[in-house]
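So you can see what is in the structure, the chains are spelled out below.
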Amino acid sequence: MPTITLPRPHAAQQQILQESRRFNVVVCGRRWGKSVLGVDRVIEPALHGYPTAWFAPSYKLLADAWRQIKAVLLPITTRISEQEHRLELVTGGVIECWSLDNPDAGRSRKYARVVIDEAAMVSALEAIWQESIRPTLTDFQGDAWLLSTPKGHNYFRDLYL
């Protein structure tokens, strides 16, 4: 099987990985590497044959992560759907990327892990998390990573506190 290379986590990322739980809220400044950490988190279970998902506030904010995930996984990808932002891997794993422009994004899916990037920018995060995303983790008892820069007094801040 072809090999892929994931970036090595820096010391602060490694500490977060070591202290991780089922639900993780990561608040860091710009250029810290939240998206790099998130890409690692969404890829890892897919390499073991599980479905995972990446969520972003908009398609514009989704674009860089989608390109990065595709580039890293290209050697072991069996199918790419640009329209659905979906990768299928030789391991049987699947990664789907969603824009939270639609509050029902991901509804009715089953995931082993989800990453919500720039979570503080999602205006209806509480409803989307509770009604659409959180239920997708039930079947696999999956975990979640909510990543963002600090921004405002909102549900992401409440989760962090």
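Residues numbered from 1 in each chain as written. Predicted model: local features only at pLDDT ≥ 70, side-chain atom pairs only at ≥ 80, totals over all residues. Heavy atoms only, no water.

So, about the pairing of strand β4 (residues 86–89). Here β4 shows a clear split, with L87 and L89 buried on one side and none of R86 and E88 buried on the other. Looking at chain direction, strand β3 (residues 77–81) and β4 are connected through 4 bridges and run antiparallel. The residue bridging S81 from the neighbouring strand is R86, located in β4. Hairpin connection between β3 and β4: a loop of 4 residues separates the two successive antiparallel strands, and H85 in this loop has a positive phi of roughly 50 degrees. Where β4 lies against strand β5 (residues 94–99), 3 bridges are found, and the strand directions are antiparallel. Bridge pairing in β5 places R86 opposite E96. Counted along the chain from β4 to the antiparallel partner β5, the turn is 4 residues long, and its residue G92 has a positive phi close to 95 degrees. (Buried < 20%, exposed > 50% of the residue type's maximum accessible area, 1.4 Å probe, protein only. Helix = DSSP H or I, 4+ residues; strand = E, 2+ residues; numbered from the N terminus. Pairing = 2+ DSSP bridges.)

So, about the nonpolar core. Of all hydrophobic cores here, the largest spans 25 residues; its most connected members are W54, I69, L73 and I95. Elements supplying a minimum of two residues to this core: α2 (34–47), β2 (51–56), α3 (59–73), β4, β5 and β7 (143–148). If you look at the next biggest cluster of nonpolar residues, it comprises 20 residues, including L100, L125, I133 and A144. (Core = buried A, V, L, I, M, F, W, Y, C linked by side-chain atoms within 4.5 Å.)

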